[in-house]
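The lines below spell out each chain.
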Amino acid sequence: MQHKTVGDISNPNTYKGIYSFHKYWGKKPTESIAYFIQKYTKESDIVFDPFLGSGLISRECLSRQRRFIGIDLNPFSIEHTKLVLDLPNPDEYQQAVKDIEKIAKTRIYDSYKCENGKIASHFLWEEEILRKIWSKAERGNRKIEFEPSQFDINQFNSFSNYEVKNIRKVTFFTNSRINSKTTMSIYDLFTRRAVHNIDILIDEIKKYPKSLQRALILTLTSSSGQMSSMVFAITGRGKTKNLISDKVEVGSWVIGFWCPKLHFEINVWNCFESRTKKMHKALMETESTNYNIYDNVDKLLAAQNGATLVEGNCLNIMKLIPDKTIKLICTDPPHSDRIPYLELSEIWNSILNKKVSFEDEIIVSNAKERNKKKSSYIEDMKILISESSRILKDDGLFLLYFNARDKQSWRFMEILETNSDLCFVGAFPMEYSANSVIQDNRAGGMKTDYVLVMKHKNKDFFSENELSEIPGWINTVPKIDSIVA
Ligand SMILES: C[S@@+](CC[C@H](N)C(=O)[O-])C[C@H]1O[C@@H](n2cnc3c(N)ncnc32)[C@H](O)[C@@H]1O
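Rules behind the numbers
Residues numbered from 1 in each chain as written. Predicted model: local features only at pLDDT ≥ 70, side-chain atom pairs only at ≥ 80, totals over all residues. Helix = DSSP H or I, 4+ residues; strand = E, 2+ residues; numbered from the N terminus. Rg over C-alpha atoms; globule rule 2.2 N^0.38 Å. Buried ≥ 20, exposed ≤ 12 C-beta atoms within 10 Å, placed from the backbone. Contact = placed C-beta atoms within 7 Å. Core = buried A, V, L, I, M, F, W, Y, C linked by C-beta atoms within 7 Å. Near = placed C-beta within 6 Å. Nonpolar A, V, L, I, M, F, W, Y, C, P; charged D, E, K, R; others polar. Pairing = 2+ DSSP bridges. Axes fitted to C-alpha atoms, helices over the stretch in contact; angles between N-to-C directions. Domains from an automatic or database assignment. Right-handed = clockwise from strand over helix to strand, strands pointing away.

Notes on the overall build of the protein
So, point 1. Along its length, the protein carries 17 helices and 14 strands.
So, point 2. On C-alpha atoms alone, the protein measures out to a radius of gyration of 24 Å, which is about the 23 Å that the 2.2 N^0.38 rule sets for 485 residues.
So, point 3. The C-alpha extent of the protein, read off along each of the three principal axes, is 80 × 50 × 40 Å.
So, point 4. Looking at the protein as a whole, 44% of its 485 residues are labelled buried.
So, point 5. Residue pairs at least 24 apart in sequence account for 74% of intrachain contacts in the protein once pairs closer than 6 positions are excluded.

Pasting the structure below:
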């Protein structure tokens, strides 16, 4: 646990250790969160995040001896947060990987064995046509490239009747923004050979006790993009009429469900193994801890430390929290139509074999079947604000991370004037670290995420001068017109 200063807020570090391990859409730097926890809460105070996401905030709270309540509708989010709080021992993790390797690697490698005896690391596909195969040279990092033979094509086709065993049926909606359709199945995104090999890994992972199993299955979800047919091939194609140039490089899975015309099928064991190395490194770099995680809100309220993590709709679950119990609400809801969290997490949740309640998501979605309109988003956000006002202590603070590119999506803030006991104190920009990939750079997107600070009306328990030390601090709601790109 590092002490954070006001200067750290505008100069966040790149994620390290377990914080850097898994991608989550909209993952926020922890500097501003840590600063507010330190400065405006004390030991055993309760911090609350109803839109938990990757859940890094939970560790920031528990490492400072604060209690924490986190809610998220996304089952992936709860699993990831449990990982962040309940890390397996790095040696046990490494041993488990070695044991899995003994059983799974040979079986998976068999499926990639080529006629020339080499084990393929990459297959370059042009739509349905297998163009090239790569394998690793016996020594060094060099790759060997060769033309596929009929044997190699038959080897691929031998999986054409394979039916998935361990991944639940995926649900997709018609969303042109992320290229999904209701008719899409797992086989549109992964080859059947990849699905077969992922099944082998899941069979093995299931044999481990919970904390190790979670770390292993999240290692698998984090490598699933690279195992899919969505890995594009970067090429100088086009320069020489319709020919694949000699220089082809491996891209990665980007946001959405595009299977590019020219794409890779990558050896599933290799993808998994390289992520296990990253996970092991993350475990080595992160202090091991033994936090109490309670299975319901009441147990947390009765305890002096620990966290409770609840999967579900925060608007319902917040009703279980008594009036005036929370010292700091620090949360980052979906920002209108910016990132469709549940739709994008669907592959991860299907690998975790978790059901998803899409209907409860607070979001504005392009998917027409979902009927997620701006008007209901604004109404839900108003309920969030009034429930937050009820559970917040008199001397509590409410930090809302927000960024929407249109004025209408900010209208939930009107409730502060009309029907809430909260008032707006000010706002400051939330910077990402220089290495972060900002996940939405569409034209019209706001350049900066803001943290909106609210408190109870007529409760003056701190000097607003303190807050004005935060770089970029403003006393008014950010003006949308001036911050839209
Ligand atoms: C912006 S993300 C949070 C990211 C998080 N701050 C982080 O650093 O990773 C918003 C989250 O809200 C969740 N969510 C959407 N609707 C919800 C609801 N009704 N109840 C609880 N969580 C919800 C999504 O699943 C998503 O994880």
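Description of the nonpolar core
So, point 1. In this structure, Leu-328 and Leu-399 are the most contacted members of the largest nonpolar core, which totals 106 residues.
So, point 2. Those residues in contact with Leu-328, other than ones at most four positions away along the chain, are Phe-36, Ile-37, Tyr-40, Thr-41, Val-47, Gly-396 and Leu-397.

So, the site of the ligand
So, point 1. Every one of the 25 residues lining the ligand counts as a neighbour, but Phe-51, Gly-53, Ser-54, Asn-74 and Asp-332 are closest to it.
So, point 2. When residues of the shell around the ligand are traced back to their parent elements, those giving at least two are β2 (67-72), α11 (314-317) and α12 (341-344).
So, point 3. Here the residues of the shell around the ligand are counted per class, giving 13 nonpolar, six polar and six charged.

Observations regarding the sheet that holds strand β3 (residues 120-126)
So, point 1. Within the open sheet, the six strands sit side by side as β5-β4-β3-β8-β6-β7. Their pairing is antiparallel. Two strands lie at the open edges of the sheet, namely β5 (143-146) and β7 (248-250), each paired on one side alone. For this sheet, the mean inter-axis angle between neighbouring strands, taken without regard to orientation, is 30 degrees.
So, point 2. Direction of pairing for strand β6 (residues 231-235) relative to β7: antiparallel, over a ladder of three bridges. Note that in β7 the partner of Ile-234 across the bridge is Glu-249.

Regarding the domain arrangement of the protein
So, point 1. You can read the domains of the protein as domain 1 (6-87 + 286-483) and domain 2 (90-267).
So, point 2. Inter-centroid distance (C-alpha atoms) of domain 1 to domain 2 is 34 Å.
So, point 3. Across the boundary between the two partners, domain 1 contributes 25 residues, which contact 25 residues of domain 2.
So, point 4. With five residues, helix α13 (residues 346-351) is the largest single contributor of residues to the side of domain 1 that touches domain 2.
So, point 5. Partitioning the side of domain 1 that touches domain 2 into residue classes produces nine nonpolar, seven polar and nine charged.

Quick look at the sheet that holds β2
So, point 1. If you trace the eight strands from one edge of the open sheet to the other, you get β9-β10-β2-β1-β11-β12-β14-β13, paired in mixed fashion. Each end of this open sheet is capped by a strand with a single partner; those strands are β9 (293-294) and β13 (422-430).
So, point 2. Sheet analysis places strand β11 (residues 326-331) next to strand β12 (residues 392-402), joined by five bridges and oriented parallel. When the sheet's bridge partners are listed, Cys-330 is paired in β12 with Leu-399.

Section: the pairing of β2
So, point 1. Burial within β2 is extensive, with six of its six residues counted as buried.
So, point 2. In β2, alternate side chains face the same way, and those of Arg-67, Ile-69 and Ile-71 on one face and Phe-68, Gly-70 and Asp-72 on the other are all buried.
So, point 3. As defined by bridge partners, strand β1 (residues 46-49) adjoins β2 across four bridges and the pair is classed as parallel. Residue pairing for β2: Phe-48 is matched across the bridge by Ile-69.
So, point 4. Running through helix α3 (residues 56-62), the crossover from β1 to the neighbouring parallel element β2 is right-handed.
So, point 5. Looking at chain direction, β2 and strand β10 (residues 307-311) are connected through five bridges and run parallel. Its bridge partner lying in β10, Ile-69 is registered against Thr-308.

Describing the environment of Thr-448
So, point 1. In this fold, Thr-448 is placed in the loop between β13 and β14 (449-456).
So, point 2. What makes Thr-448 partly exposed here is the crowd of 14 C-beta atoms within 10 Å.
So, point 3. Sequence spacing of Thr-448 and Pro-429 is 19 residues, and the spatial spacing of their C-alpha atoms is 6.2 Å.

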